[in-house]
Amino acid sequence: MRRIATLWLGVGVCLVLLPAAGHGLAADLAYQPPKDYLLEWVKVLALLMALSAIALIAWTLIAYRGRLAGFRARMLLFIGVCCVPFPAMLMSTAVGLEQSKAITFCNSCHLMGPFVADMKDPDSRSLSALHFRNRYIQSEHCYNCHTDYGLFGTLQAKLGGMSHVWSEFAGAGSGLVRPKTNYRFTICLNCHGQSSKFMQQKDHAGVVNKVVSGTLTCTKCHHRSHAGPSEGRPS
Amino acid sequence: MKQAAAVHPHDRYLWLSGLLTLFGLSTAVVFTLRSTPYLMVLFLGLGLSCVAAGVAIFAVLLVADVRARLHSVVERRFKAGEAVFQQGDFPDRLYLIGEGEAEVTQEAGGGPVVLRKLGPGDFFGEVGIIGNTPRTATVRAVTDLETLAIHHDHFTALMAYLPSWKERVFDDYRRRTSGEERPGGPPAG
């Protein structure tokens, strides 16, 4: 009896420790930055709230069919329709918009595939590939370079992206994504403008003012941001 | 023959409100689990609108219901020839006649049949409320009619405080539903 108990204890300890050992091994092979646990919790909470509201509404609609105007059914619907969905939708929007910053989000649209492929290409000389390869940007690479800072920058980027999606969805898209306006190279200056490496470059003297005024672009001297159409990829 | 239960006119709108919210919440679940541009358009464009529409419909119905409950006893006037309610309507109120005359008619095979005439002091509309069935007859004002309309929730509460009236109403209800008023015919009122 004692042996069996010891055996079971050993199995239990192995079951607990093996994943940890495996995780350590995996961590050695490829380091993954820590997860955003707040986002994970909000995601779980939003899902729980939405699913419980769905269950409550569905049950009320079925169980009180023909008697929905009664007090009890109205109270249940009030909780399911008015109380729970508001925080659930708010959290879902926050989680969804936060997740939409990831490269996987942009890459889920087939039109973006060539851009992401070029960015991840170790032999590519484009600026996006250079930034990705050297981890100049830690994460959310597409979002960081294509969004102005601040709330309105984010909003503009989302609306611009949505209009692209809508035109593709409605069949008005040409199968090629072109920016609605010229790229604002001041976004580059948000990181580069104050760095000592940038400032020490003699060629960069007076460049900031020209970039801000729009008379000079970074790609005038540097390699282009993404691979061009000559390489079979849209610019 | 057992009459089908009366369905409140708000019922179908509450159903619609629930369904819209269900759809909106489903898009939220999908969008939370997997963010893609198309799902984003679906959620932000359709999901949020559906939930907003569901809440708006529910809120409008709630306000209407609260208003009806607040105005549980109201005076209602009808012109001669005007219908107080039609056969098949939802039984929302019981009516007490203050002044004027009304007639109770019921649709039969050959057209409407007059069941009886009502005058000051009479009441009508209790059959649907007590039996929770749609109106079994049409009541129309013969002359200009002045009534006191009692909301059906308030009516059941009133019954508890007025036992003698309760007895009278229930006697009348039994008489009408048993077919005494019109031998062989269905209940009226």
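The structure we're discussing is the one just above.
Please read these numbers as outputs of a predicted model, since none were measured by experiment.

Engineer: Hey, could you go over the overall build of chain A for me, with residue numbers and the actual values?
Structural biologist: A count of helical and extended segments in chain A gives twelve helices and zero strands. Helices and strands in chain A line up, N terminus first, as α-α-α-α-α-α-α-α-α-α-α-α. The proportion of buried residues among the 235 residues of chain A is 20%. Put simply, 53% of the contacts in chain A that link residues at least 6 apart link residues at least 24 apart.

Engineer: I'd like a description of the packing of helix 3 (residues 71-83) of chain A against helix 1 (residues 11-33) of chain B, backed by residues and values.
Structural biologist: Between helix 3 of chain A and helix 1 of chain B, the least distance of the axes is 10 Å, while the angle of their chain directions is 35°. The two elements helix 3 of chain A and helix 1 of chain B cross, and the hand of that crossing is left-handed. Contacts from Leu77, Gly80 and Val81 of chain A of helix 3 of chain A reach helix 1 of chain B at Leu14, Ser17, Gly18 and Thr21 of chain B. Of the residues in the contact of helix 3 of chain A with helix 1 of chain B, the class split is three nonpolar, four polar and no charged.

Engineer: With reference to specific residues and values, describe the pairing of strand 8 (residues 145-151) of chain B.
Structural biologist: Residues and elements named next belong to chain B. As paired elements, strand 1 (residues 73-78) and strand 8 share six bridges and run antiparallel to each other. Looking across to strand 8, one finds that Arg77 is bridged to Glu146. Where strand 3 (residues 93-99) and strand 8 come together, six bridges link them in antiparallel fashion. Residue pairing across strands places Leu94 opposite Ile150, the latter belonging to strand 8.

Engineer: Report on the interface of chain B and chain A, specifying residues and quantitative values.
Structural biologist: Facing 30 residues of chain B, the contacting portion of chain A comprises 34 residues. Elements represented by at least two residues in the side of chain B that touches chain A include exactly helix 1 and helix 2 (37-70) of chain B. Per element, the largest residue contribution to the side of chain B that touches chain A is 14 residues, and it comes from helix 1 of chain B. Along the lines of polarity and charge, the residues of the side of chain B that touches chain A split into 18 nonpolar, eleven polar and one charged.

Quick notes on the rules
- Residues numbered from 1 in each chain as written.
- Chains lettered and ligands numbered in written order.
- Predicted model: local features only at pLDDT ≥ 70, side-chain atom pairs only at ≥ 80, totals over all residues.
- Helix = DSSP H or I, 4+ residues; strand = E, 2+ residues; numbered from the N terminus.
- Buried ≥ 20, exposed ≤ 12 C-beta atoms within 10 Å, placed from the backbone.
- Contact = placed C-beta atoms within 7 Å.
- Axes fitted to C-alpha atoms, helices over the stretch in contact; angles between N-to-C directions.
- Left-handed = near helix turned anticlockwise from the far one by under 90°.
- Nonpolar A, V, L, I, M, F, W, Y, C, P; charged D, E, K, R; others polar.
- Pairing = 2+ DSSP bridges.

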